[in-house]
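A structural walkthrough
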Amino acid sequence: MRLEDKTAVITGAARGIGLFTARRFAAEGARVALCDVDETAGRKAVEEIQETSPDSLFFYLDVTDRKSITVAAEGIVSRLSGIDVLINNAGIKADAQLAGMEESDWDRVIDVNLKGVFNCTQVISRIMARGGGGRIVNATSVVAHYGNFGQTNYVASKTGVIGMTRVWARELGPKGITVNAVAPGFIDTEMARSVPKNILDRFKERTPLGRLGRPEEVANAYLFLASDEASFITGTVLNVDGGLVF
C-alpha cells in the first residue's frame, strides 16, 4: 500500500473531492485526518473512513483561522503520530462578473482558496520539517491557466496557488518536502452542479474526452503526488481535465 503508516491531512474532506481523497488514502493504508468546518458532515464522513482505516479521525479546521489550524495540527500530531502529507483541498467559489462582484465575495474566496492554503502550509510545513520531510499537494484549477468568465476572484486565487507552489518547492525542498499542485478541470461535484447545465454542456464539448471528470480521478492524482512514486517531482502542476488545457 502506497501510504502505509503515513498520516495525511486533507482539508475540505467532508464532501466532494476531499471525501473521495480520504477514501482513496485510507484504502492505501494512511491514517487520515479529515479536516473541515462542517462538523456534522465531517463526523459522518470519518465514520465511513474508519471502516477502512480505524485510526483516522475528524478535526474541525477553518483554513481562514490560524488558531483553528494550530489547534488541529497539534491534535493531529499527538493523536496520529506526526504529519506526512498535506492535501490543501478546501475551496469555495462566489462567481460574478467584475462589474457586479461584491467586495465581500472577493475577500471570502481569496481568504479560503489562497490565504487558507498559505495558512495551512506555513503551520504544517514546520511540523514536516521537524519530522524530516513530507508531501504537500495544493488544489488549483485549469481556469488558472486561461481565465474564466465571471470568476475574477476564483481565478486570482487559483493562479496565486500555482505561484506559491513553485516558491515553496524551492524553499522547502532542502527540508525534504515536495510541493506540487493538481489542476482539476470540470469535475462532477456539488460545486459543478451549481453551474447552469448549458454552460457545463459547453465545457463537455470543449473537453477532448467529452465528459466531466470524476472526483476519484482527482483523488488518484493527489495520491500519486503524495506517494513515494513522486519523490523526485516538485514544483509541478498536474492537470486532471480530460485534455481541456494543453
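Look up a bit, the structure's there.
Throughout what follows, the structure given in this document is the object of discussion. (Residues numbered from 1 in each chain as written. Predicted model: local features only at pLDDT ≥ 70, side-chain atom pairs only at ≥ 80, totals over all residues. Heavy atoms only, no water.)

Side note on the overall build of the protein chain
Selection rule: The numbering of helices and of strands both runs from the N terminus, where a helix is a DSSP run of H or I of at least 4 residues and a strand a run of E of at least 2. The size measure is the radius of gyration over C-alpha atoms, and the globule rule it meets is 2.2 Å times the number of residues to the 0.38 power. Any residue under 20% of the maximum accessible area for its type is buried, any over 50% is exposed, and the rest in between are partly exposed; the area is computed with a 1.4 Å probe on protein chains only. In this analysis, two residues are considered to be in contact whenever any of their non-hydrogen atoms come within 4.5 Å of each other. For every accessible area listed, the method is Shrake-Rupley and the probe measures 1.4 Å; residues are considered covered only by the protein chains on display. Under the counting rule used here, the positive set is Lys and Arg, the negative set is Asp and Glu, and His together with the chain ends is not counted. Note that the charge is assigned to NZ on lysines, CZ on arginines, CG on aspartates and CD on glutamates.
Tallying secondary structure elements over the protein chain gives nine helices and seven strands in all. Compactness check: the protein chain gives a C-alpha radius of gyration of 17 Å against a globular reference of 18 Å for 246 residues, within 12% of the reference. For the protein chain, the spread of C-alpha atoms along the three principal axes comes to 45 × 40 × 30 Å. When the 246 residues of the protein chain are sorted by exposure, 52% land in the buried category. Contacts spanning at least 24 positions in sequence make up 72% of the contacts within the protein chain whose residues lie at least 6 apart. Within the structure as shown, the protein chain displays about 11,400 Å² of accessible surface, and the carbon and sulfur contribution to it stands at 51%. Side chains of the protein chain give 28 positive and 30 negative charges; the mean places of these two sets differ by 3 Å.

Points about the sheet that holds strand β7 (residues 237-240)
By definition, the strands of a sheet pair up through backbone hydrogen bonds, in either a parallel or an antiparallel sense. Here is the rule: By definition, two strands form a pair when at least two bridges between them are found by DSSP. Working convention: axes come from line fits to C-alpha atoms, limited for helices to the stretch in contact. Angles between N-to-C directions cover 0 to 180 degrees.
With parallel pairing, seven strands are arranged side by side in an open sheet as β3-β2-β1-β4-β5-β6-β7. Strands with a single pairing partner mark the edges of an open sheet, and in this sheet they are β3 (57-60) and β7. Adjacent strand axes in the sheet meet at a mean angle of 20 degrees, parallel and antiparallel pairs treated alike. Note that strand β6 (residues 177-184) and β7 share four bridges and pair parallel.

Points about the environment of Gly235
Along the chain, Gly235 turns up in the loop between α9 (215-226) and β7. Considered as a pair, Gly235 and Ile162 are 73 residues apart in the sequence and their alpha carbons are 8.7 Å apart. Setting aside residues up to four positions removed in sequence, Gly235 forms contacts with Thr165, Arg166, Ala169, Val179 and Asn180.

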